[in-house]
Amino acid sequence: MEQTFIAIKPDGVQRGLISEIVSRFERKGFKLVAIKVVVPSKEFAQKHYHDLKERPFFNGLCDFLSSGPVIAMVWEGEGVIKYGRKLIGATDPQKSEPGTIRGDLAVVVGRNIIHGSDGPETAKDEINLWFKPEDLHQFRYLIKSGMS
Ligand code: GTP
Ligand code: MG
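Every chain is numbered independently, its residues counted from 1 as its sequence is written. The order in which chains are written sets their letters, starting at A; the order in which ligands are written sets their numbers, starting at 1. Selection of residues for local features in this predicted model requires a pLDDT of at least 70, selection of side-chain atom pairs for listing and counting requires 80 or more, and totals for whole chains, interfaces and linings are taken over all residues. Each side-chain value is derived from all of the structure's non-hydrogen atoms; neither hydrogens nor water enter the calculation.

Let's talk about the packing of aromatic side chains
Each aromatic pair joins two rings of Phe, Tyr and Trp (for Trp, the six-membered one) with centres within 6.5 Å, and gets the label stacked for planes under 30 degrees apart, edge-to-face for over 60, and tilted for any other angle. This model, assessed by the stated rule, comprises 5 aromatic pairs. Here Phe5 and Phe131 contribute two aromatic rings whose centre-to-centre distance is 6.4 Å and whose plane-to-plane angle is 65°, an arrangement assigned as edge-to-face. Here Phe131 lies in the segment after α7 (120-130) and Phe5 lies in strand β1 (residues 3-8), a separation of 126 residues in the sequence. Exposure class is identical for Phe5 and Phe131. Each is buried. For the ring pair Phe44 and Trp130, a centre distance of 4.7 Å and an interplane angle of 85° mean the geometry is edge-to-face. Highlighted residues: Phe44 in helix α3 (residues 42-48) and Trp130 in helix α7, separated in sequence by 86 residues. The numbering of helices and of strands both runs from the N terminus, where a helix is a DSSP run of H or I of at least 4 residues and a strand a run of E of at least 2. Three labels apply to residues, based on accessible area from a 1.4 Å probe with only protein chains included: buried if under 20% of the type maximum, exposed if over 50%, partly exposed otherwise in between.

What about the nonpolar core?
Ranked by size, the top nonpolar core spans 21 residues in total, and within it Phe25, Trp75, Ile113 and Ile114 carry the most contacts. Mapped by element, the contributors of at least two residues to this core are β1, α2 (18-28), β3 (70-76), α5 (80-88) and α6 (101-105). Apart from the residues lying within four places of it in its own chain, the contact partners of Trp75 are Glu2, Gln3, Thr4, Ile6, Val22, Phe25, Glu26, Phe30, Lys31, Leu32 and Val80. Grouped together as the second largest cluster of nonpolar side chains are 19 residues, Ala34, Leu61, Trp130 and Phe131 included. Put simply, buried Ala, Val, Leu, Ile, Met, Phe, Trp, Tyr and Cys residues joined by side-chain atoms within 4.5 Å make one nonpolar core. Residue contacts are counted whenever heavy atoms from the two residues lie within 4.5 Å of one another.

Quick notes on the pattern of salt bridges
A side chain with one charge may pair with a side chain of the opposite charge, provided their charged atoms come close. Each salt bridge in this description consists of a side-chain nitrogen of Lys or Arg and a carboxyl oxygen of Asp or Glu lying within 4 Å of one another. For the structure on display, the rule yields 5 salt bridges. For Lys124, the salt bridge is made with Glu121, and the minimal N-O distance between the two is 3.9 Å. With Lys124 and Glu121 both in helix α7 and 3 residues apart, the pair spans about one turn of that helix.

Topic: the site of ligand 1
Near, as used in this document, describes a residue that has one of its heavy atoms within 4 Å of the molecule or strand being considered. All residues in the neighbourhood of ligand 1 are listed as Lys9, Tyr49, Leu52, Phe57, Leu61, Arg85, Thr91, Arg102, Val109, Asn112, His115 and Gly116. Counting of polar contacts relies on pairs of N or O atoms within 3.5 Å, with two restrictions inside protein: one atom must be capable of donating a hydrogen and the other of accepting it, and residues adjacent in sequence are counted only when both atoms are side-chain atoms. Here Thr91 contributes a side-chain N or O atom positioned 2.5 Å from an oxygen atom of ligand 1. In the environment of ligand 1, an oxygen atom lies 3.1 Å from a nitrogen or oxygen atom belonging to the backbone of Gly116. In the complex, 76% of the free accessible area of ligand 1, which totals 590 Å², lies under the protein chains. Grid points spaced at 1 Å and placed over the protein atoms alone form the basis of the search, with a cavity being a set where a 1.4 Å probe fits but cannot get out and a pocket an open set showing protein on both sides within 12 Å along at least five of seven lines. Lining residues have an atom within 4 Å of a point. For a molecule to be placed in a cavity or pocket, more than half of its atoms must lie within 2 Å of the grid points of that cavity or pocket. Judged by the proximity of its atoms to the pocket grid, ligand 1 belongs to the largest pocket. Here the term charged refers only to Asp, Glu, Lys and Arg, the term nonpolar to Ala, Val, Leu, Ile, Met, Phe, Trp, Tyr, Cys and Pro, and the term polar to all other amino acids, Gly among them. Classifying every residue of the shell around ligand 1 gives 5 nonpolar, 4 polar and 3 charged. Calculation of accessible area relied on Shrake-Rupley with a 1.4 Å probe; when residues are assessed, cover is drawn exclusively from the protein chains displayed.

And the structure:
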């Protein structure tokens, strides 16, 4: 089943938005198969955002991601990579639609509270970077509600 990497960035954690964000993915019907609290090193943040290393904001972005606890998660479900990005909203919260996480809860691009993988290859790479295979749990919901 399709999986994606989602992280609540230090600003989302500091603002007390963990449960709000987890809840949006959970209520949609996606399944949480791994979750942990991590304070990434700057080197780790640079690895995570390696495709942005030529951008002027790269250094500040990596400083910020490594500034405090991040909630690292793997969510699973049909279409979760693309739909996860839809739940998150546009990169710049000024352009995110109301109803999306960034549209409802963030104001500026440098503090947009959440990360989501942008495609199948990055999802695979990011899950491998942040988690060991044994951290991912396979289980079925025991109460039938249309989710598998
Ligand atoms: P992520 O899910 O965090 O990867 O965001 P994204 O995929 O919507 O955007 P992208 O990968 O292009 O950029 C990664 C992060 O860099 C964004 O989430 C922003 O926090 C930050 N960022 C992107 N563009 C800008 C910018 O123009 N200025 C600043 N200060 N930060 C930016
Ligand atoms: Mg991105």
